[in-house]
Amino acid sequence: MSERFDAIVVGAGPAGTAAALTMARGGLNVIVIERGEFPGAKNVFGGVLYRHHFEELIPEWWTRAPLERPIVEQNYWLLNGDGAVKIGHRSRRYLDGKPNNFTAMRAKFDRWFAQQAEEAGALIICETTATELLMEGDRVIGVRTDRDEGDVYAEAVIIADGANSLLTQQLRARPELSPGELSLVVKQTLALPREKIEDRFGLEKDEGATIEILGAPSQGMVGLGFLYTNKDSLSLGLGIMVDDLMATGARPYELLEAMKQHPALRKLLQGAELKEYAAHLIPEGGLRAMPKLAGPGWMICGDAAGMVNAVHREGTNLAAASGRMAGEAVVTMARSGDFTPEGFQAYARAVQASFIQRDLAKYQRLPAFLHEHKELLMGRMPEALNDCLYEWFNVDERPKTEHQRQIAQNIKGMAGGAWGLLRLASRGWRAINE
Amino acid sequence: MHIVVCVKQVPDSREIRIDTKTGTLIREGVPSIVNPYDLHGLEAALQLREQHGGRVTVITMGPPMAEKALKETISLGADDAVLVTDRKFGGADTLATSYVLAEAIRKAADTWGPVDLVIAGKQTLDGDTGQVGPGIACRLGLQQLTYVEKIVAVEGRRIRVERRLEDGLEVVETSLPALLTVLKEINTVRRASLPGMIAAARYKPIVWTVADFPDIDVTKIGLKGSPTVVSRSWVPEVRKVDTTYVDGAAELWEALWATDLPERLGWSAEEGA
Ligand SMILES: Cc1cc2nc3c(=O)[nH]c(=O)nc-3n(C[C@H](O)[C@H](O)[C@H](O)COP(=O)(O)OP(=O)(O)OC[C@H]3O[C@@H](n4cnc5c(N)ncnc54)[C@H](O)[C@@H]3O)c2cc1C
Ligand SMILES: Cc1cc2nc3c(=O)[nH]c(=O)nc-3n(C[C@H](O)[C@H](O)[C@H](O)COP(=O)(O)OP(=O)(O)OC[C@H]3O[C@@H](n4cnc5c(N)ncnc54)[C@H](O)[C@@H]3O)c2cc1C
């Protein structure tokens, strides 16, 4: 009774759908198993979608997909208790011709994206959870689901089940993720009328802005907040490393509530009505936590493989690109009719040669660096920088030399003297360069 | 046995909101589901097919998006699912709805063989009238068994069921062909198997438009064939109830005595003490 497919994809997020679309277009018989009521139903991100890697799959996708706002301005804010150092960039170059990135809602986007795969011929089966990989020796030959007569078989299984990947664990493709390799993000969607959003953020009609928030809100833990503009809502969130949360017992939603009260944010959010509350994990281990990407009968893509570039807030693009590469590897194998272990490794090699592995390799020492210097980077540094700018702008009886001496002292003081500062700078440099 | 099940796609009432200004349902963004009673009707039909063989045909009248509801019935095991759809069918009240459905059931009989049993839900979540089932039975001259809680037996050309009434249970028997309207208590709806889900994902519902019914009386369908007039609809006011929270029996006693309840019950303070 149970039918044989060319490929099974587990998970209809950006990674799984990109794989399914690529394979369906290649003429393969593809089934996608998704546990949500529909693709994207429960999926959470910040979030910002980048045009480029979806464009490789669907030219001009952004003219048809449900998106929120193309982004003209991106900011970093470093907060201390009451102040904010702001740095950012605004330019219409991001919009000229083809916008570079957009805010979006996953419940809408993932659903639309999956429809494209469905139209190309992939079967998308929702409300169905993959519970286990079916093995024959060391080869994956199918997937067991939680439904009656729920086994399906295929030549290739693409694992794209997200950050908390059950199936990756079953393969023992890597040691179980440790709390130091995951962050927990809580996010609120806050409804606010369009005109108010545009007025408060200084935007033209339909344009968007983003703010990444560092410092006081994470209370000395390794973490990052964000505030993004949607059409008629704001996405506000705060992510903290799970090991830090465990050590301090801090409750993320309380930290988020406290962040909303910060003087720099309060007025931006005023009157916005809570529409949705969500929480999600991000795999932050980088290259060092990446599992083996392929083996006989299987490949792992997207978050399940830890493909997140936290520094640049990128995940969906790595997911879509890896899904495409996995799909291409399967199409190539199907053409030759030969699903050899070598054919599956072609996917791993494609990832290695791409921006995915190169970017993750570049930042591979960063998680450890952040962890080691978290009091400094998350606490003393934002504090000191706020003090410095205060000194710079504040006018009183003291001459400028005194103000500036104070600034120099603040900077040295935060890193424990000039040597400390140099060491920190050199370690920091190495943490973000291979 | 050839069993026809009537299903309607309805907005999920758990997520429904009402526009307090106009008194109408806000349908935008509300997910659509199969009317829950109708799934129980389908389950009853599938169980009968398992016991007696035959086929289960599902029919819905509705807009093209009702395809999704039909696919769900295929995932559960229906043999075929028919979407009766046409702009000209739109705006139907229960009179016009039951007319078109009766015609569709006749056509199903012509297509797949005589119909022995029609099953409908007790009522819908949205229209809520409970008139469509009985309306179909009248038009097709079928025996009519409403509020069915249990199908006791189908033997030869006879069916025996239990009907749940307000003041008790009625066991009735009649001859086939018949029409049942069913309650949720009749069964537990199964979860679709994986092959069922796959079949549904591939299935293209059969579509019948006005053109597929050459003999239909167009004055009896859609808005034209619907004499019902909704003169007004409104949101009932929420009744305000004063609530006081108390801690423990003694406080409760105090609080009760502070109300006008003792007086209304004719209690005196001495009795209370
Ligand atoms: C708060 C937050 C903010 C983020 N912000 C951004 C951002 O701004 N920009 C950006 O590019 N990235 C962002 N990311 C990262 C991005 O969301 C992920 O990298 C991306 O979603 C990964 O895609 P994926 O397809 O691998 O996994 P997912 O999107 O997680 O999809 C996995 C899918 O698999 C399904 N599934 C899981 N288990 C099973 C199972 N057993 N059986 C069947 N189905 C299953 C899930 O329901 C889901 O649909 C953010 C992440 C978070 C949490
Ligand atoms: C407030 C309100 C205003 C309305 N206004 C109008 C109006 O102005 N004009 C108008 O034309 N209509 C209007 N309707 C809709 C219409 O009257 C009914 O929705 C429709 O005729 C079906 O009746 P019902 O939903 O009460 O079904 P019920 O009689 O409660 O349904 C019983 C069973 O019949 C079957 N059934 C019912 N409908 C279908 C179907 N379409 N396809 C297959 N099986 C079905 C199902 O098995 C269902 O469980 C209105 C409804 C409401 C609630």
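Cut-off values and rules
- Residues numbered from 1 in each chain as written.
- Chains lettered and ligands numbered in written order.
- Predicted model: local features only at pLDDT ≥ 70, side-chain atom pairs only at ≥ 80, totals over all residues.
- Heavy atoms only, no water.
- Buried < 20%, exposed > 50% of the residue type's maximum accessible area, 1.4 Å probe, protein only.
- Helix = DSSP H or I, 4+ residues; strand = E, 2+ residues; numbered from the N terminus.
- Domains from an automatic or database assignment.
- Near = heavy atom within 4 Å.
- Polar contact = N/O pair within 3.5 Å; in protein donor to acceptor, adjacent residues only side chain to side chain.
- Areas by Shrake-Rupley, 256 points an atom, 1.4 Å probe, with all protein chains shown as cover.
- Nonpolar A, V, L, I, M, F, W, Y, C, P; charged D, E, K, R; others polar.
- Contact = heavy atoms within 4.5 Å.
- Buried area = accessible area lost by both parts, 1.4 Å probe.
- Salt bridge = Lys/Arg side-chain N within 4 Å of Asp/Glu carboxyl O.
- Pairing = 2+ DSSP bridges.
- Axes fitted to C-alpha atoms, helices over the stretch in contact; angles between N-to-C directions.

## Observations concerning the pairing of strand β1 (residues 2-6) of chain B
Here's step 1: Taking burial as the measure, the 5 residues of β1 of chain B include 5 buried ones, the bulk of the element.
Here's step 2: Both faces of β1 of chain B are covered, namely the face carrying His2, Val4 and Cys6 of chain B and the face carrying Ile3 and Val5 of chain B.

## Side note on the domain arrangement of chain A
Here's step 1: Assigned domains of chain A: these are domain 1 (4-69 + 98-176 + 286-362), domain 2 (180-283) and domain 3 (366-431).
Here's step 2: Relative placement of domain 1 of chain A and domain 3 of chain A: their C-alpha centres are 42 Å apart.

## Notes on the site of ligand 2
All names here are of chain B.
Here's step 1: Near ligand 2 lie 27 residues; those nearest to it are Asp38, Gly91, Thr124, Thr129 and Gly130.
Here's step 2: Between Thr129 and ligand 2, the recorded distance is 2.6 Å, taken from a side-chain N or O atom to an oxygen atom.
Here's step 3: Here Gln131 contributes a backbone N or O atom positioned 2.8 Å from an oxygen atom of ligand 2.
Here's step 4: Protein burial of ligand 2: of its 940 Å² of free accessible surface, 78% is covered by the chains.
Here's step 5: Residue assignment for the shell around ligand 2 shows that the elements contributing at least two residues are β6 (55-61), α3 (94-112), β8 (117-121) and α4 (132-140).
Here's step 6: For the shell around ligand 2, the per-class residue count stands at 9 nonpolar, 13 polar and 5 charged.

## Quick word on the site of ligand 1
Residue and element names in this part refer to chain A.
Here's step 1: The full set close to ligand 1 counts 35 residues, and Glu34, Val48, Arg106, Asp303 and Thr316 are the nearest of them.
Here's step 2: Note that an oxygen atom of ligand 1 is positioned 2.6 Å from one of the side-chain N or O atoms of Glu34.
Here's step 3: At 2.9 Å from a nitrogen atom of ligand 1 is found a main-chain nitrogen or oxygen belonging to Gly46.
Here's step 4: Summarising the interface, the protein chains cover 95% of the accessible area of ligand 1, which totals 1,000 Å² for the free molecule.
Here's step 5: Within the residue set of the shell around ligand 1, elements represented by two or more residues are α1 (14-25), β3 (48-50), β15 (273-283) and α9 (316-336).
Here's step 6: Per-element tally for the shell around ligand 1: the top contributor is β15, with 3 residues.
Here's step 7: Per-domain counts for the shell around ligand 1 show at least three residues from each of domain 1 (4-69 + 98-176 + 286-362) and domain 2 (180-283).

## Side note on the interface of chain B and chain A
Here's step 1: Counting residues at the interface gives 9 residues for chain B and 18 residues for chain A.
Here's step 2: Looking only at chain B, the three residues that lose the most surface to chain A are Arg191, Leu194 and Arg202 of chain B, adding up to 48% of its buried area.
Here's step 3: Our count for the chain B to chain A interface comes out at 1 salt bridge.
Here's step 4: Measuring nitrogen to oxygen at the nearest pair gives 3.4 Å for the salt bridge that ties Arg191 of chain B to Asp146 of chain A.

## Notes on the sheet that holds strand β5 (residues 84-90) of chain A
Through backbone hydrogen bonds, the strands of a sheet pair up, either in parallel or in antiparallel fashion.
Residues and elements named next belong to chain A.
Here's step 1: Pairing is mixed across the open sheet formed by 7 strands, whose spatial order is β5-β4-β12-β13-β14-β11-β15. Strands at the two margins of the open sheet, each flanked by one partner only, are β5 and β15. Ignoring strand direction, the axes of neighbouring strands in this sheet form an average angle of 15°.
Here's step 2: The pairing of strand β12 (residues 208-215) with strand β13 (residues 223-229) spans 4 bridges and is classified as antiparallel. Residue pairing in the sheet places Thr210 in a bridge with Tyr228 of β13.

## Observations concerning unusual backbone geometry
Here's step 1: Gly46 of chain A connects to Gly47 of chain A through a cis peptide bond whose omega is -10°.
Here's step 2: Cis peptide bonds are those with omega within 30 degrees of zero, and the linkage from Leu176 of chain B to Pro177 of chain B qualifies with 0°.
Here's step 3: Along the chain, Pro177 of chain B falls in the loop between β11 (168-175) and β12 (178-182).
Here's step 4: You will see that Gln219 of chain A, though not glycine, has its phi angle at about 50°, which is positive.
Here's step 5: As for its position among the elements, Gln219 of chain A is in the loop between β12 and β13.
Here's step 6: Although it is not a glycine, Tyr147 of chain B sits at a positive phi angle of roughly 55°.
Here's step 7: Along the polypeptide, Tyr147 of chain B turns up in strand β9 (residues 143-155).

## Focus: the domain arrangement of chain B
Here's step 1: What the domain assignment reports for chain B is domain 1 (2-220) and domain 2 (240-273).
Here's step 2: The distance between the C-alpha centroids of domain 1 of chain B and domain 2 of chain B comes to 52 Å.

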